[in-house]
Amino acid sequence: MTEPILSVRELTKHYPLKRGLFNRTVGTVKAVDGISFDLYPGETLGLVGESGCGKSTAATSILGLEAPTDGEVIFNGGDRASNTHNSDGTQPNDVTKFDKQELKRFRRDAQMIFQDPSSSFNPRMKIGSSIAELLLVHGMTDRTRRRAIVEDLLERVNLSASDYDRYPHEFSGGEKQRIALARALVLNPELIVADEPVSALDVSVQAELLSLIDDLQAEYDLSVLFISHDMSVIRTICDRVAVMYLGEIVEIGATEDVFTDPQHPYTEALLSSIPTPDPRDSSDGIELTGTVPSPSNPPSGCRFHTRCHRVVQPDHIDIDQDVWQRLLIFRKQVERDEVDVAAIRENLHADGESEPAAEDVKAQIRVEFDLPSDPADSTVRRTLRDAIDALVAGEQESAATQLAETFTTPCEQSTPEYTDHGDGHRSACIRHRDSIDAVDTLAEKD
């Protein structure tokens, strides 16, 4: 079997969270939190997810543009199955352990295309000089030869050799990204990391650039890590795709397998957001509930469970899935003390002549937080009644405790492990476990 050109193992990048007059560390932002994948020669692997999920941080950490907190990035590391190590116990060709000279040699073989080409070029340098600068840094002192190489590359990316002497402001966004592609190719690398290279371009220009990348990849036998938030772009250009959420990879597999048979609810939600050109298609996309958690305080267990449309119910609760989601959201709002009973009471009083009765306040809480008025499940009915009673009585902590004891999903109690769906298609969701442990519940109350 072909060995990977790039092996990422448990890569982590945490940033210290500092506050106060003395700039004390009060926590960490877990931008990338233990991702692993392989990239094979000549392959394009897509890394996809919402903005802020850690994709770009993963890219800069992989290329050594910033030091990762932990993990390994093995580039052309040979046969990992042989378990060979350096004398100090580290893996050979581990980018995270490279010194300055080793990083310089590594960057001959690994280049990056940035999202915004305008900010990645010196506006005072001719674009030919910006591209040729990499050749000079890596030892090519012959100016005539440097110019010949750059002019040839400009023509290969469908520009003109005469563009060598023009400045960045003279080019459109799509042309600048072509120039960025030429710059990435000038050292004849084996690996290119493309960070949202078409997100700022018009759709027609996107298609042209993606076709160009595809052609150049075949011509130069490149391996490409393609980062994007656009699932339709990923499907067009990638052989495999890794879906990332809140610093973790939740699903990875061949592109067609992931698109036709998604195994993680987050992947399903991303796919449902792809617009369809069929005017007869009236299906609604999946609406994610709740808010995106902070990477400085990610949820326990499966990090997606606070927004998941398939969040698992404990065995003792039997209600509709949408109601269960609303109950979990309400529980979190109560825990964060976001239920302003005083404001609800005041609004009711403004609408009527007399002070609202407690029962009216309780009913309004159910309306404002979209809670069932009379759920069929006795456990749900009792817990919701007691928690709302506690809220109206000013006992927020008691209400939060009652809700947490009953409305607890197995998804938050254990971190899901990967399940293999065949042909390298894996996902991390507890729905794929052979059995899901029931949540311990309180004894039935009278």
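A. Representation of the state of the cysteines within the structure. Tallied over the entire structure, the rule returns zero disulfides. Cys 238 forms no disulfide, and the closest cysteine sulfur to it belongs to Cys 53, at a distance of 14 Å. A residue is classified by how much of its surface remains accessible, and Cys 238, at 8% relative accessible area, is buried. Take Cys 411: it sits in no disulfide, and the sulfur closest to it among the cysteines is that of Cys 302, at 6.1 Å. The exposure class assigned to Cys 411 is buried, which follows from its relative accessible area of 7%.

B. Spatial organisation of the packing of aromatic side chains. All told, the structure shown has seven aromatic pairs when counted by the stated rule. Their ring planes at 80 degrees and their centres at 5.1 Å tell us that Tyr 245 and Phe 304 sit as a pair that is edge-to-face. Of this pair, Tyr 245 sits in strand 8 (residues 240-245) while Phe 304 sits in the loop between helix 9 (265-272) and helix 10 (321-335), placing them 59 residues apart in sequence. Counting every residue linked through ring pairs, the aromatic cluster contains Phe 75, Phe 98 and Phe 106. Here Arg 147 stacks its cationic end above the ring of Tyr 164, 4.0 Å away from the centre of that ring. The ring of Tyr 418 has Arg 426 lying over it, and the distance from NZ or CZ to the ring centre is 4.5 Å.

C. Looking closely at the sheet that holds strand 2 (residues 24-39). Pairing is antiparallel in the open sheet, where three strands are placed in the order 2-1-4. At either end of the open sheet lies a strand with only one pairing partner, and these are strand 2 and strand 4 (70-75). The mean angle between the axes of side-by-side strands here comes to 25 degrees, regardless of whether they run parallel or antiparallel. In this structure, strand 1 (residues 6-19) lies alongside strand 4, joined through five bridges in antiparallel fashion. From the neighbouring strand, Val 8 faces strand 4, where its bridge partner is Val 73.

D. Seen up close, the nonpolar core. Among the nonpolar cores identified, the biggest contains 84 residues, and Phe 226, Leu 327, Phe 330, Ile 365 and Phe 407 are the most heavily contacted of them. Top element by residues in this core is helix 13 (residues 378-392). It accounts for seven residues. Contacts of Phe 226, omitting those with residues within four sequence positions, involve Thr 44, Leu 45, Gly 46, Leu 47, Ala 194, Pro 197, Leu 210, Ile 213, Val 233, Ile 234, Ile 237 and Cys 238. Core analysis: the second largest hydrophobic core is formed by 31 residues, Cys 53, Leu 63, Val 95 and Ile 249 among them.

Thresholds, definitions, all that
- Residues numbered from 1 in each chain as written.
- Predicted model: local features only at pLDDT ≥ 70, side-chain atom pairs only at ≥ 80, totals over all residues.
- Heavy atoms only, no water.
- Disulfide = S-S within 2.5 Å.
- Buried < 20%, exposed > 50% of the residue type's maximum accessible area, 1.4 Å probe, protein only.
- Phe/Tyr/Trp six-rings, centres within 6.5 Å; stacked < 30°, edge-to-face > 60°.
- Helix = DSSP H or I, 4+ residues; strand = E, 2+ residues; numbered from the N terminus.
- Lys NZ or Arg CZ within 6 Å of the ring centre and 35° of its normal.
- Pairing = 2+ DSSP bridges.
- Axes fitted to C-alpha atoms, helices over the stretch in contact; angles between N-to-C directions.
- Core = buried A, V, L, I, M, F, W, Y, C linked by side-chain atoms within 4.5 Å.
- Contact = heavy atoms within 4.5 Å.

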